[in-house]
Amino acid sequence: MINGMKTGRIIRSLSGYYDIQLPSGDIQRTRARGEFRKSKQKPLVGDFVDFESENDEGFIWAIHERENFLVRPPIANIDIAVIVTAAKEPDFAPNLLDRQLVALEAANVRPLIYFSKMDLLEKSEHEKINHVANYYQSIGYDVIFSDSKSAFEALKMMLKDHVSVFMGQTGAGKSTLLNHLSPQLGLETGEVSKALSRGKHTTRQVTLIEVDEALIADTPGFSSYEVFDFPVEELDDYFPEFVEKRQDCRFRGCLHLNEPGCAIKEAVAVGTITQSRYNSYKAFYELIKAQKPKYKTDN
Ligand code: ZN
């Protein structure tokens, strides 16, 4: 241990400098040693690090082991990813939700599904979304509906003492929700910064913003779910209800496509697994098969 070594969490990085929050809440600025660049291990926002800092000069000496991380946005040790999903306008898209869920499962990040725009639904549509939400809850996901009186408080309770990121397609109301949590977040993630970051080669840096007792990432872009970066044989690992049933498949390594005695297909036939989830599985299977092999170059 070097004299004066401290441990904290990186909450922001800019032009080679890192702002690190100490357990006391104090924020100190420092740099990363050149060795990190050589070893291709770069400190990320969210990382816990050992560092020195004296008058904003000093170095990060070590990065603690990560619980998880995302590439786009670049952030580590995320406790919760809030998937803001429109119940209407645009219409609820199960394939997109499943895509986000699978990406988060693969990254070992806990999802929270937030159904926005619930107030736009007719009664019959309401029942349909309820039905969908019940299924996702039954396979282990937390769900919050935007129209319940306690929704906002429930969300804040879930985020308390945690680091969270928000994802959501255009029009899902992500910016509105973030703005409601903190005007500072709404500003950072709004249309203006989206326009500014468009066309830039590098991903805009993330900042963790303290809101009440939560740390929330401000990030205009979220594309970690656009490409699946794992072999197709792993796909069923990321469907929790498949994991529960697949040991009953006749063949070990069953891909749940055309194999006889497939417990997943039987579950779909009797309705314990929804057709919609199975359709997503098949679509993602085809997608991964068609993807060009991707070689990891960053982090
Ligand atoms: Zn099977």
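Each remark here, short or long, concerns the structure printed above.
Everything numeric here is computed off the predicted structure, so don't read it as measured data.

Participant: Before we move on, could you go through the overall build of the chain and cite the residues and values that matter?
Facilitator: When helices and strands are counted, the chain shows 10 helices and 13 strands. Counting all 299 residues of the chain, 46% fall into the buried class. Looking at the chain alone, contacts between residues at least 24 apart form 65% of all its contacts between residues at least 6 apart. Element-wise, carbon and sulfur atoms account for 51% of the exposed surface of the chain, whose accessible area totals about 16,000 Å².

Participant: For the packing of aromatic side chains, give the residues involved together with the corresponding values.
Facilitator: All chains considered together, the criterion is met by 11 aromatic pairs. Relative to Tyr238, the ring of Phe230 lies with its centre 4.8 Å away and its plane at 70 degrees, an arrangement referred to as edge-to-face. We classify Tyr238 as buried; its relative accessible area is 13%. Chaining the aromatic ring pairs together yields one cluster made of Phe228, Phe230, Tyr238, Phe239, Phe242, Tyr278, Tyr281 and Phe284. It is Arg66 that lies over the ring of Phe69; its NZ or CZ is 5.7 Å from the centre. Here the basic side chain of Arg99 rests over the ring of Phe228, its NZ or CZ set 5.8 Å away from the ring centre.

Participant: An account of the coordination of the zinc ion is requested, with residue identities and associated values reported.
Facilitator: For the zinc ion, every protein donor is listed as Cys249 (SG), Cys254 (SG), His256 (ND1) and Cys262 (SG), and the spread of their distances is 2.1 to 2.4 Å. With four donor atoms in place around the zinc ion and angles of 105 to 114 degrees between them, the coordination shape is tetrahedral. Counting along the primary sequence, the residues that act as donors to the zinc ion give the motif C-x4-C-x1-H-x5-C. Summarising the burial analysis for this pair, Cys249 and Cys254 share the class buried.

Participant: So, the packing of helix H2 (residues 94-106) against helix H10 (residues 275-290): which residues are in play, and what are the values?
Facilitator: Packed helices, taken two at a time, are described by their axes: the angle between them and the distance between them. Two elements in contact, H2 and H10, have axes whose closest approach is 10 Å; the angle formed by their N-to-C orientations is 65 degrees. For the element pair H2 / H10, the angle class is roughly perpendicular. Relative to H10, the crossing made by H2 is right-handed. In this structure, H2 uses Pro94, Asn95, Asp98, Arg99, Leu101 and Val102 to contact H10, whose residues at the interface are Ser276, Arg277, Ser280, Ala283, Phe284 and Leu287.

Participant: Give me the environment of Asn130: which residues, what numbers.
Facilitator: Inspection of the secondary structure assignment puts Asn130 in helix H3 (residues 123-138). Take Asn130: its relative accessible area is 30%, and that puts it in the partly exposed class. Considered as a pair, Asn130 and Phe145 are 15 residues apart in the sequence and their alpha carbons are 9.2 Å apart.

Participant: Give me the pairing of strand E11 (residues 163-168): which residues, what numbers.
Facilitator: Of all six residues making up E11, five are buried, and the element is well covered by its neighbours. Both strand E8 (residues 80-86) and E11 contribute to a ladder of five bridges, which runs parallel. Of the residues in E11, the one forming a bridge with Val82 is Phe166. Bridge analysis of E11 against strand E13 (residues 214-218) gives two bridges, and the strand direction is parallel. Bridging from a neighbouring strand, Ser164 pairs with Ile216 of E13.

Participant: Describe the pattern of salt bridges, naming the residues involved and giving the relevant values.
Facilitator: Between side chains of opposite charge, a pair can form when the charged atoms approach closely. Counted according to the given criterion, the structure contains 14 salt bridges. In this structure, Asp19 engages Arg12 in a salt bridge whose closest nitrogen and oxygen atoms are separated by 2.8 Å. On the accessibility criterion, Asp19 (4% relative accessible area) is buried. Given the relative accessible area of 27%, Arg12 is considered partly exposed. Two residues, Lys88 and Glu125, come together in a salt bridge whose shortest N-O distance is 3.2 Å. Highlighted residues: Lys88 in the loop between E8 and H2 and Glu125 in helix H3, separated in sequence by 37 residues. By relative accessible area, which is 16% here, Lys88 ends up buried.

Participant: Run through the packing of helix H4 (residues 151-159) against helix H5 (residues 174-181), naming residues and quoting values.
Facilitator: Two elements in contact, H4 and H5, have axes whose closest approach is 12 Å; the angle formed by their N-to-C orientations is 75 degrees. Viewed along their axes, H4 and H5 adopt a mutual orientation that is roughly perpendicular. Across from Phe152, Leu155, Lys156 and Leu159 in H4, the residues of H5 making contact are Leu177, His180 and Leu181. Of the residues belonging to the contact of H4 with H5, the class tally is five nonpolar, one polar and one charged.

Cut-offs used in this document
- Residues numbered from 1 in each chain as written.
- Predicted model: local features only at pLDDT ≥ 70, side-chain atom pairs only at ≥ 80, totals over all residues.
- Heavy atoms only, no water.
- Helix = DSSP H or I, 4+ residues; strand = E, 2+ residues; numbered from the N terminus.
- Buried < 20%, exposed > 50% of the residue type's maximum accessible area, 1.4 Å probe, protein only.
- Contact = heavy atoms within 4.5 Å.
- Areas by Shrake-Rupley, 256 points an atom, 1.4 Å probe, with all protein chains shown as cover.
- Phe/Tyr/Trp six-rings, centres within 6.5 Å; stacked < 30°, edge-to-face > 60°.
- Lys NZ or Arg CZ within 6 Å of the ring centre and 35° of its normal.
- Donors = N, O, S within 2.8 Å, 3.2 Å for Na, K, Ca; no water.
- Tetrahedral: all angles 85-135°; square planar, octahedral: opposite > 155°, others 65-115°.
- Axes fitted to C-alpha atoms, helices over the stretch in contact; angles between N-to-C directions.
- Parallel < 35°, antiparallel > 145°, perpendicular 65-115°, else oblique.
- Left-handed = near helix turned anticlockwise from the far one by under 90°.
- Pairing = 2+ DSSP bridges.
- Salt bridge = Lys/Arg side-chain N within 4 Å of Asp/Glu carboxyl O.
- Nonpolar A, V, L, I, M, F, W, Y, C, P; charged D, E, K, R; others polar.

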